[in-house]
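Next come the chains, spelled out residue by residue.
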Amino acid sequence: MDTITGAEALMRSLEYQGVKTLFGYPGGSIMPVFDALYDHRDRLNHILVRHEQAAVHAAQGFARVSGEVGVCLVTSGPGATNTVTGIADAMIDSTPVVVIAGQVGTGFLGTDAFQEVDLVGITQPITKWSYQIRRAEDVPWAVARAFYIAMSGRPGPVVLDFAKNAQVDKMEYTPTKLDYIRSYLPVPEMDMEAVQQAAELINAAERPLVLVGQGVELGNAQQELRTFIEKADMPAGCTLLGLSALPSDHPLNKGMLGMHGNLGPNINTNKCDVLIAVGMRFDDRVTGRLDTYAKQAKIIHFDIDPAEIDKNVVVDVAVLGDCKETLAAVTKLLNTAKHKEWLDSFLPYEEVEEEKVIRPELHPSGPKLSMGEVARAVSEATNHEAILVTDVGQNQMLSARYFKFSKERSVVTSGGLGTMGFGLPAAVGATFGRPDRTVCVFMGDGGLQMSIQEFGTIMEQKAPVKMILLNNNYLGNVRQWQAMFFNRRYSFTPMLNPDYMKIASAYDIPSRRVFNREELKDAINEMLATDGPFLLEACVEEEGNVMPMTPPGGSVNQMLLEC
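Definitions and limits used
Residues numbered from 1 in each chain as written. Predicted model: local features only at pLDDT ≥ 70, side-chain atom pairs only at ≥ 80, totals over all residues. Heavy atoms only, no water. Helix = DSSP H or I, 4+ residues; strand = E, 2+ residues; numbered from the N terminus. Expected span 1.5 Å × (residues − 1). Bend = angle between axes of the 7 residues up to and from the residue. Buried < 20%, exposed > 50% of the residue type's maximum accessible area, 1.4 Å probe, protein only. Contact = heavy atoms within 4.5 Å. Axes fitted to C-alpha atoms, helices over the stretch in contact; angles between N-to-C directions. Parallel < 35°, antiparallel > 145°, perpendicular 65-115°, else oblique. Left-handed = near helix turned anticlockwise from the far one by under 90°. Pairing = 2+ DSSP bridges. Right-handed = clockwise from strand over helix to strand, strands pointing away. 1 Å grid on protein atoms, 1.4 Å probe; cavity = no way out; pocket = protein on both sides within 12 Å on 5 of 7 lines; lining within 4 Å. Points joined across faces, edges and corners; volume = space filled by probe spheres on them. Nonpolar A, V, L, I, M, F, W, Y, C, P; charged D, E, K, R; others polar. Phe/Tyr/Trp six-rings, centres within 6.5 Å; stacked < 30°, edge-to-face > 60°. Lys NZ or Arg CZ within 6 Å of the ring centre and 35° of its normal. Core = buried A, V, L, I, M, F, W, Y, C linked by side-chain atoms within 4.5 Å. Salt bridge = Lys/Arg side-chain N within 4 Å of Asp/Glu carboxyl O.

### Details of helix α16 (residues 347-362)
The end-to-end C-alpha distance of α16, which contains 16 residues, comes to just 20 Å, noticeably less than the 22 Å that a straight helix rising 1.5 Å per residue would cover. Bending of α16 peaks at approximately 50° at the position of E354. Taken together, the buried positions of α16 are Y349, E353, V357, I358, E361 and L362. The secondary structure elements touched by the buried residues of α16 are α12 (263-269), α17 (371-381) and α18 (394-402).

This is the structure:
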């Protein structure tokens, strides 16, 4: 056995876990680790971000598109606390990341030493596991445990708080992997009685509706889902994070669920007789008012996490387990069915939405560009094969509505936490997670300025991020709510913006600004043809709105078609 430092043991342990890329920012309490990293640069590709929060978001983007664990490396104190938003984001969106933070030596713990903070205490509520490494000999075990916990079962973030003395002390290194932890059951055993009950309900259903969540993507169960819905001829709606689990053009895909989703799947949620949720958590933005949500339906919930069962919506049958296995088990018991009349019931809603919402958005009568037409134009130019990354706000909802998906793991967005500033660093991470695919990130002028420093990371790495800035000179989503529910009192939502093209130029990033649709197609083609990063600033209608919309506190079938 080699006798090495704890810092060197960390490097070897990361390599043993298969890590090739990590995102981070050095500092005093993590300096021994970065010194060890210097000798591993040919095997561990460290991406220097410009802010620690961006390190976590980049790790999230990497994890979401690659299916691997994202890793970030930061220092103690403010470096560690800057990761908290990203950790919370990863927790609520079930993203496997491991955050390794420096910490003062154990002899200084509890003394308010320079840049000391109780990171374990801060992050325990927002992680699957948070652990302080105080001894060098614990490094291989802690890393192995961290990766196993982050990736197994319902994925999520893990924090390792690495005391400085443990980084420099010597230990005898033995490679370590874990595939079992006592009392931790990441995948519940499948209950065949529940499988039978679910199949019986679906076989008896006249109006079944499937809700597709991100759990299908996390469980790599995309094909099992398709076989499931096709055998029983069941329409499906997708959550925001589940949008690419089913191809957009699949005949049974009826669109997006939620506050700004499509009319058909939302309204028919309150008309179906059996509601089948797969890998989703009945978020309030999907359900609207719970006391009016799907009260007429029998509800089946497929999930890997027992904590989600009956948390928001009381269900009739809970099918616990890995959905790749549970969907297949139920499908075997399903009768081949046809539900033409039920499927046809979606058509009137699609026609109304096309006339009242989609057509005006994609073909606006005014001279200004709309966000939706920009999103659709980019999607079409990429043959609907690109990875969509979004920031948060109107840019997020409209790009999600009008971008189309033909490939799996093609949506990276901050769903549960709704973190502005997420988009740009997450897109950087996505380019490293899937360098073979085009990565397009849609941002608003507000969200971009929350992480605009990551232009520096893009410049240094030449990361081929295709950035689409939908600039309306407002904090658009808040402004829309102010217009609809606060008597148009635009309190601190107008934005005085800088010249983004000058900023891009300072970072040696090619850019182009467009004002009208006549030049939009050519600008998009220029962006996609450019080798490396590109910023396309689309100056869009200032007071455009995202429609349809379920008003706050409203029922899922009470969607507004106009502001």
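### Some points on the packing of helix α11 (residues 222-232) against helix α14 (residues 323-332)
At a minimum axis separation of 9 Å, α11 and α14 run at an interaxial angle of 25°. Classified by the angle between their axes, α11 and α14 sit roughly parallel to one another. Viewed along their axes, α11 and α14 form a crossing whose handedness is left-handed. Judged by residue contacts, E224, L225, T227, F228 and K231 of α11 engage K324, L327, A328, V330, T331 and K332 from α14.

### What to know about the pairing of strand β7 (residues 157-163)
In regular strands, side chains alternate between the two faces of the sheet. Counting buried residues in β7 gives 7 out of 7 residues, a clear majority hidden from the surface. Burial of β7 is two-sided: the residues P157, V159, D161 and A163 facing one way and the residues V158, L160 and F162 facing the other way are all buried. Pairing of strand β5 (residues 97-103) with β7 involves 7 bridges; the strand directions are parallel. When the bridges of β7 are listed, V97 appears paired with P157. Bridge analysis of strand β6 (residues 129-133) against β7 gives 5 bridges, and the strand direction is parallel. Paired with W129 across the bridge in β7 is V158. Handedness of the crossover joining β6 and β7 through helix α7 (residues 139-151) is recorded here as right-handed.

### Remarks on unusual backbone geometry
In this model, M547 is joined to P548 through a cis peptide bond whose omega is 0°. For P548, the location among the structural elements is in the segment after β20 (534-539). We note that K462 has phi near 55°; this positive angle belongs to a residue other than glycine. Locating K462 in the fold gives a position in the loop between α21 (455-461) and β18 (465-471). K462 sits in the exposed class, given a relative accessible area of 62%. Despite not being glycine, N487 has its phi angle at roughly 55°, a positive value. With respect to the helices and strands, N487 occurs in the loop between α22 (476-485) and α23 (500-506).

### Describing the layout of surface pockets
Considered as a void within the structure, the second largest pocket measures approximately 450 Å³ in volume. Lining the second largest pocket are 22 residues, and of these K254, G255, N262, I358 and K404 lie nearest its centre. Going through the elements one at a time, β11 (253-256), α12, α16 and α18 are the ones with two or more residues in the lining of the second largest pocket. The dominant element in the lining of the second largest pocket, judged by the number of residues it contributes, is α16, at 5 residues. Counted by class, the lining of the second largest pocket contains 10 nonpolar, 5 polar and 7 charged residues.

### Quick word on the packing of aromatic side chains
In this structure the tally under the stated criterion is 14 aromatic pairs. Between the aromatic rings of F455 and Y507, the centroid separation amounts to 5.7 Å while the plane-to-plane angle is 75°, which identifies the pairing as edge-to-face. Taken together, the positions of F455 in helix α21 and Y507 in the loop between α23 and β19 (511-514) put the pair 52 residues apart, joining distant regions of the chain. By relative accessible area, F455 is classed as buried at 0%. The partly exposed category is assigned to Y507, whose relative accessible area is 26%. With 5.6 Å between their ring centres and 75° between their planes, Y474 and Y490 make a pair best called edge-to-face. Within this pair, whereas Y474 is found in the loop between β18 and α22, its partner Y490 is found in the loop between α22 and α23, the two being separated by 16 residues in sequence. Following the ring pairs from residue to residue traces out a cluster consisting of F23, F62 and F432. Stacked on the ring of Y38, the Lys or Arg R41 has its end atom at 3.7 Å from the ring centre. Here the guanidinium or amino end of R145 rests over the ring plane of W129, the centre of that ring lying 5.0 Å away.

### Quick word on the nonpolar core
Counting 72 residues, the largest nonpolar core has V210, F228, I276 and F442 as its most contacted members. When near neighbours in sequence (up to four residues on either side) are disregarded, F442 contacts V374, A375, V378, L388, V389, T390, D391, N395, S399, F403, I468 and L470.

### Describing the sheet that holds β18
An order of β16-β15-β17-β18-β20-β19 is seen for the 6 strands of this open sheet, with the pairing classed as parallel. The sheet is open, and its two borders are formed by β16 (411-412) and β19, each paired with just one other strand. The pairing of β19 with β20 spans 4 bridges and is parallel. When the bridges of β20 are listed, R512 appears paired with L536. Set on the sheet, helix α19 (residues 423-433) makes contact with β15 (387-390), β16, β17 (439-444) and β18; between it and β17 the angle comes to about 175°.

### Topic: the pattern of salt bridges
In the structure shown here, the tally under the stated rule is 24 salt bridges. Two residues, R488 and E543, come together in a salt bridge whose shortest N-O distance is 2.7 Å. Highlighted residues: R488 in the loop between α22 and α23 and E543 in the segment after β20, separated in sequence by 55 residues. In this structure E543 comes out as partly exposed when scored by relative accessible area, which is 31%. Counted as one network, the salt bridges with shared partners bring together R154, D305, E308 and K311.

### Brief notes about the packing of α16 against α18
Close contact between α16 and α18 brings their axes to 12 Å; oriented N to C, the two are set at 110°. Taken together, the axes of α16 and α18 are roughly perpendicular relative to one another. From α16, E353, V357, I358, E361 and L362 reach across to α18, where they touch L398, R401 and Y402. Here the residues of the contact of α16 with α18 sort into 5 nonpolar, no polar and 3 charged.

### Comments concerning the environment of L388
Take L388: it is sitting in strand β15. Between the C-alpha atom of L388 and that of C440, which follows or precedes it by 52 residues, the distance is 5.3 Å. Setting aside residues up to four positions removed in sequence, L388 forms contacts with S399, A400, F403, F405, S410, V411, V412, C440 and F442.

Such coordinate-based values are descriptive only and should not be taken to indicate function.
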